[in-house]
Amino acid sequence: KDSIGNIMARQNYFDILNRMEFDPQRELKNLMDLLEMERNFKSIYYKTSLNSAISDNFLDYPNRSTFTNYSQMIEFVGSNIYNTTEQLFVFSEFLVDIFCNLAEKFTEEESEFIQIIFDNIKRFLELSNHELITLDNGNKIIVEKNVYASEASQIVSETSIEEAIKVLEYNHFSNKGNIQRKKEILIALANYLEPFRRELKDILKVNNQKVIAFEKLFEMYNNFGLRHNNSNQYHLELADDELEQWYDDIYTSTLFVILSMDESRILSKLKTLREE
């Protein structure tokens, strides 16, 4: 009986894999190991690595700035970044950019091995609740997954791809503590919503009363240094960390309004259908 119970309680291989947690140190080492792994990429007579392939073609990389070799740029990318997770994400963005821009420079065998690296990146992004998105300029960046942001971005994309991307970009890991960039994104989203303001006042109602969240959202846009700069601003005495928290709250409220816009249109369509 005990042995049967032990068998039933034993974790199988797939249980263990599914319980694996995100470990940035491990994932950074795995990427480095894959890049340094020697394979028969170019000839059956000698082995080489992806690091060597990148180095051989580095001068053709359009985003190398003034760097003349791959190792210099790796050192620069990793310098002054002391958070291991951020090191991993920055390095991953760097690799994705190199592989995408130099795609035609790699052999078929190298390209197949590059896919393994992409698979690793995709997997640890899933473990860390992040995803890779493409900006309007073609650059690929890593952002935190946010189901509400993703849905809001999809709605905004129907009228503005540029602003839709900003909805997602707010969650980029480098924007943590970057009040200026968060401010720029919120200003862009406020400007996007402004033309809908009258429409929203009419449609965002509960029991024929205006939804107060919408009114307060524009109050926050106007009084936290986003659209106006006068002595009546609420944030003038706030510390930076407090202001950033307010910006995050304003961002959340913005998502709510965008989703509410879509919900109101759905309900309007339902009402029209019922009346037919």
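The structure under discussion appears in the preceding block.
So, here is what we can say about the structure in this document.

What counts, and at which threshold
Residues numbered from 1 in each chain as written. Predicted model: local features only at pLDDT ≥ 70, side-chain atom pairs only at ≥ 80, totals over all residues. Heavy atoms only, no water. Pairing = 2+ DSSP bridges. Helix = DSSP H or I, 4+ residues; strand = E, 2+ residues; numbered from the N terminus. Salt bridge = Lys/Arg side-chain N within 4 Å of Asp/Glu carboxyl O. Buried < 20%, exposed > 50% of the residue type's maximum accessible area, 1.4 Å probe, protein only. Contact = heavy atoms within 4.5 Å. Arc of directions from axis to C-beta. Axes fitted to C-alpha atoms, helices over the stretch in contact; angles between N-to-C directions. Parallel < 35°, antiparallel > 145°, perpendicular 65-115°, else oblique. Nonpolar A, V, L, I, M, F, W, Y, C, P; charged D, E, K, R; others polar. Patch = residues over 30% accessible without salt bridge, like charges linked within 9 Å, V, L, I, M, F, W, Y side chains within 5 Å. Areas by Shrake-Rupley, 256 points an atom, 1.4 Å probe, with all protein chains shown as cover. Phe/Tyr/Trp six-rings, centres within 6.5 Å; stacked < 30°, edge-to-face > 60°.

All right, on to the pairing of strand E1 (residues 130-134) then. Bridge count for E1 against strand E2 (residues 140-144) is five bridges, and the pairing is antiparallel. Opposite Glu 131, over in E2, you have Val 143 as the bridge partner. Counting the residues between successive antiparallel strands, the hairpin from E1 to E2 contains five residues, one of them, Gly 138, with a positive phi of roughly 95 degrees.

Bringing the pattern of salt bridges into the picture now. Evaluation of the coordinates by the stated rule reveals eleven salt bridges. The partner of Asp 248 in a salt bridge is Lys 182, and the shortest N-O contact between them spans 2.9 Å. Here Asp 248 is found in helix H13 (residues 240-275), whereas its partner Lys 182 is found in helix H10 (residues 179-193), with 66 residues between them in sequence. Under the relative-accessibility criterion, Asp 248 is labelled partly exposed at 23%. Measuring nitrogen to oxygen at the nearest pair gives 3.0 Å for the salt bridge that ties Glu 194 to Arg 227. Highlighted residues: Glu 194 in the loop between H10 and helix H11 (197-203) and Arg 227 in the loop between helix H12 (212-223) and H13, separated in sequence by 33 residues. By relative accessible area, Glu 194 is classed as partly exposed at 31%. Given a relative accessible area of 27%, Arg 227 falls into the partly exposed group.

Another point: the side chain of Glu 244. Inspection of the secondary structure assignment puts Glu 244 in helix H13. Exposure remark for Glu 244: the relative accessible area of 14% places this residue in the buried category. Apart from residues lying up to four places away in sequence, Glu 244 is in contact with Asn 175, Lys 176, Gly 177, Asn 178, Ile 179 and Lys 182.

Within an α-helix, residues lying three or four positions from one another point in the same direction, as the helix has 3.6 residues per turn. Residues Ala 149, Ala 152, Ser 153, Ile 155 and Val 156 constitute the buried set of helix H8 (residues 147-156). Looking straight down H8, one finds that the buried residues subtend no more than 160 degrees of arc, so they occupy a single side. Pointing more than 90 degrees away from the buried face of H8 are the exposed residues Val 147 and Gln 154.

Attention now goes to the packing of helix H3 (residues 24-36) against helix H7 (residues 108-127). Look at H3 against H7: their axes get within 10 Å of each other, and the N-to-C directions meet at 175 degrees. The angle between the axes of H3 and H7 places the two elements in the roughly antiparallel class. For the pair formed by H3 and H7, the contact residues are Arg 26, Glu 27, Asn 30, Leu 31, Leu 34 and Leu 35 on the first element and Phe 113, Ile 116, Ile 117, Asn 120, Ile 121, Phe 124 and Leu 127 on the second. Of the residues that constitute the contact of H3 with H7, the class distribution is nine nonpolar, two polar and two charged.

This part covers a nonpolar patch on the surface. On the surface, Tyr 13, Phe 14 and Leu 17 cluster together to form a nonpolar patch covering roughly 350 Å² of accessible area. Along the chain, the position of Tyr 13 falls in helix H2 (residues 13-18). According to the relative accessible area criterion, Tyr 13 is exposed, its value standing at 54%.

Attention now moves to the packing of aromatic side chains. This model, assessed by the stated rule, comprises 15 aromatic pairs. Relative to Phe 196, the ring of Tyr 192 has its centre 5.4 Å away and its plane inclined at 55 degrees; by these criteria the two rings are tilted. Phe 196 matches Tyr 192 in its accessibility class, with the two residues each being buried. Site record: aromatic cluster; members linked through ring pairs are Phe 58, Tyr 61, Tyr 70, Phe 91 and Phe 94.

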